[in-house]
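Here is what each chain is made of, one letter per residue.
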Amino acid sequence: MDNRNYNYIEAVGPTSSSAGSLYIAQLVVSGTEGDRYLVIGTVAAGTQADGAEPAGPFSIVCIDEFLPATGIQHDHYPDGAGTDMSSFPSIFWATMDSTAELNLALAFILPSGSGIITYREAGLHAFKLGVRDIAGDDFTNSTAGTGSYETMGSVTFDVPYAGDYLIMAGASVGKSVTTSNFNVRINVDGTTYCDAAMQVISASYKLPYAAMRKVTLTPGSKTISLEMQSNTAGVADCACTGIIALRVDDWPQVHTHHATGSYSTTTVAAWEDVPTGTLNQTYRLAAKESLILSYGIFRQPQAQDSGIRTQHGSGPTTAQENRNHSTAGERYIHFAAARILPSAGDYPIKQGIYDYASLVRPVIVDDSDVTVLQFTDDLSVEIRGGDILGGDIQ
């Protein structure tokens, strides 16, 4: 058995603050020198209310001694809708050094005297990677200066025999001009997924990007890349790229579901569940420590506000709720993580959508996935043999 040593801390909120900087959550993970850990940081954050928006940007930072001195920093600038809550995911991996500890933190930085922000549904999750899991990263700043997709970073590895992998990637992305979108996606052995379209309000800002998709890989050499294109003008750039491939066949119990489509709301200004059978599923879970990962790229065809959230349990509990104002062509990221300890039996997990317009209009989900990783009683998962695999982003 390979002990995954799952550690977490969650701060549900909501909490508002006007402090210049504040730790949202801190987590110390103890382990063994040389072990590799996947780290996932998530938080929904935005302005408190209309009329209380910061005069400038605020930043969410994920800090660890293995990251660059500034950590992984994502910036946000309010667009005038005071109830906006954006998703700020950070995904990376780290190797335990001689101290045998990871010191992790989520924090926000708000320019002095520039308003109030609210954060909620924050969490830090870390567990040990298995011997057949793949991890690569690149903390240099890569750029894409053409209208074609260019590789920002990649990891190449050997698959000994066919199996299912959960591909995850994270990065801080931006562009040198503010007048047009840029695109970010992952390329898994020649097939692309999780294409997001973003636009910055300042050339100095970095926005969060995340990807998650379960794929089946055949034996042989495989490459996973993070790609960007700048579109019509300017240079797109990317920093703090992390790429992870979890071999889910090595978990005793894992549940995944993917869906995409246009889900039409029936009322204005009310949360509605996506249709049953899409990202509205009931999972048969064991009574074991579990981690829910929920991902989506969402938009509306018009320039208006739309929302997406993830809920779980019979309550239900909200894992994360986002609201963003989209312009033509933009596709936003939703990424939520939540630890649960369910009773044995059926457990519902669903995504919901919100239409803030004056008309009933669709919210389009371009790419959504829900994955539940279940740990055994001793927080272990079974390893069925195989060689240790690894890779570095080139």
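Our subject is the structure listed above.
To keep things clear, this report deals only with the structure shown in the data block.

Parameters and conventions
Residues take numbers from 1 onward in each chain, read along the sequence in its written order. For this predicted model, a pLDDT threshold of at least 70 governs which residues receive local features, and a threshold of 80 or more governs which side-chain atom pairs are given and counted, while totals over whole chains, interfaces and linings are taken from all residues. Note: side-chain values were computed over all heavy atoms of the structure, leaving out hydrogens and water. Secondary structure counts use DSSP, requiring at least four H or I residues in a row for a helix and at least two E residues in a row for a strand, with both numbered from the N terminus. Burial classes follow relative accessibility: with a 1.4 Å probe on protein chains only, a residue under 20% of its type's maximum area counts as buried, one over 50% as exposed, and anything between as partly exposed. Contacts are residue-level and defined by heavy atoms, with any inter-residue pair within 4.5 Å sufficient. Residues belong to one nonpolar core when they are buried, are Ala, Val, Leu, Ile, Met, Phe, Trp, Tyr or Cys, and are joined through side-chain atoms within 4.5 Å. Strands are treated as partners if at least two bridges between them are detected by DSSP. Orientation is described by axes fitted as lines to C-alpha atoms, over the contacting stretch for helices, and by angles from 0 to 180 degrees between their N-to-C directions. We count a salt bridge whenever a side-chain nitrogen from Lys or Arg sits within 4 Å of a carboxyl oxygen from Asp or Glu. Pairing of aromatic side chains here covers Phe, Tyr and the six-membered ring of Trp, requires ring centres within 6.5 Å, and sorts the geometry by plane angle: under 30 degrees stacked, over 60 edge-to-face, intermediate tilted. Both a distance and an angle decide whether a charge sits over a ring: NZ of Lys or CZ of Arg must be within 6 Å of the ring centre and within 35 degrees of the ring normal. In this analysis the probe radius is 1.4 Å and the grid spacing 1 Å, with only protein atoms considered; a cavity is a set of points the probe fits into but cannot get out of, a pocket is an open set with protein on both sides within 12 Å along at least five of seven lines, and lining residues have an atom within 4 Å of a point. Grid points are joined across faces, edges and corners, and a volume is the space filled by probe spheres set on the points. Any residue that is not Ala, Val, Leu, Ile, Met, Phe, Trp, Tyr, Cys, Pro, Asp, Glu, Lys or Arg is counted as polar, Gly included; the first ten are nonpolar and the last four charged. Pairs of N or O atoms are called polar contacts if they sit within 3.5 Å, as long as, within protein, a hydrogen donor faces a hydrogen acceptor (for residues adjacent in sequence, only side-chain-to-side-chain pairs).

## With respect to the overall build of the chain
Move 1: Each helix and strand in the chain was counted, giving zero helices and 30 strands.
Move 2: Sorting the 394 residues of the chain into buried and exposed places 59% on the buried side.
Move 3: In the chain, of all internal contacts separated by at least 6 residues, the share reaching a separation of at least 24 is 83%.

## Some details on the nonpolar core
Move 1: In terms of nonpolar packing, the biggest core is built from 57 residues, with M168, V173, Y209, M228 and L293 touching the most fellow members.
Move 2: Setting aside its immediate chain neighbours within four residues, V173 contacts F182, V184, M198, Y205, K206, L207, Y209, M228, D237 and C238.
Move 3: The next biggest cluster of nonpolar side chains, apart from the first, holds 27 residues, and it includes I72, F92, Y119 and L124.

## So, the sheet that holds strand β19 (residues 220–229)
Move 1: If you trace the four strands from one edge of the open sheet to the other, you get β14-β19-β16-β17, paired in antiparallel fashion. Since the sheet does not close on itself, it has two edges, and those belong to β14 (150–159) and β17 (191–198), each with one partner. In this sheet, adjacent strand axes meet at a mean angle of 10° when their direction is disregarded.

## Section: the sheet that holds strand β21 (residues 253–264)
Move 1: Pairing within the open sheet is antiparallel, and its four strands lie in the order β21-β29-β24-β27. The open sheet has two edge strands, β21 and β27 (332–340), and neither has a second partner. Averaged over neighbouring strand pairs, the angle between their axes works out to 10° when direction is ignored.
Move 2: As paired elements, β21 and strand β29 (residues 362–374) share eleven bridges and run antiparallel to each other. Paired with V254 across the two strands is L373, which belongs to β29.

## As for the pairing of β27
Move 1: Counting buried residues in β27 gives seven out of nine residues, a clear majority hidden from the surface.
Move 2: As judged from the nine bridges shared by strand β24 (residues 290–299) and β27, these two strands associate in the antiparallel manner. Opposite S290, over in β27, you have I340 as the bridge partner.

## Description of the pattern of salt bridges
Move 1: Under the defined criterion, the tally for this structure stands at 15 salt bridges.
Move 2: Of the charged contacts in the structure, one is a salt bridge between R4 and D133, with a shortest N-O distance of 2.8 Å. Remark: D133 occurs in the loop between β11 (117–128) and β12 (134–138) and R4 occurs in the loop between β1 (2–3) and β2 (7–11); sequence separation between them is 129 residues.
Move 3: Taking relative accessible area as the criterion, D133 reaches 0% and is therefore assigned buried.
Move 4: One salt bridge connects K350 with D273, and the closest N-O pair in it is separated by 2.9 Å. Within this pair, whereas K350 is found in strand β28 (residues 345–355), its partner D273 is found in strand β22 (residues 272–273), the two being separated by 77 residues in sequence.
Move 5: We classify D273 as partly exposed; its relative accessible area is 37%.
Move 6: Shared partners join several salt bridges into a network, and the residues in it are R120, E121 and E321.

## Here's the deal with the packing of aromatic side chains
Move 1: Enumeration according to the criterion identifies nine aromatic pairs in this entry.
Move 2: Members of the aromatic cluster, each reached through a chain of ring pairs, are Y6, Y8, F127, W251 and F375.
Move 3: In this structure, R185 packs its charged tip against the face of Y149, placed 3.5 Å from the ring centre.
Move 4: A cation sits over an aromatic face here: R247 above Y161, 4.6 Å from the ring centre.

## Remarks on the layout of surface pockets
Move 1: Space inside the second largest pocket adds up to approximately 190 Å³.
Move 2: In terms of lining residues, the second largest pocket is bounded by 14 residues, among which E10, V12, T317, T318 and A338 are the most central.
Move 3: Secondary structure elements with two or more residues in the lining of the second largest pocket: β2, β11, β26 (317–325) and β27.
Move 4: A total of four residues in the lining of the second largest pocket trace back to one element, the largest contributor, which is β27.
Move 5: Here the residues of the lining of the second largest pocket sort into seven nonpolar, four polar and three charged.

## Structural notes on the side chain of S87
Move 1: Positionally, S87 belongs in strand β8 (residues 86–87).
Move 2: The class for S87 is buried, based on a relative accessible area of 5%.
Move 3: Among the polar contacts listed, one links the side chain of S87 to the backbone nitrogen of F335, at a separation of 3.2 Å.
Move 4: Apart from residues lying up to four places away in sequence, S87 is in contact with V43, P208, Q320, N322, I333, H334 and F335.

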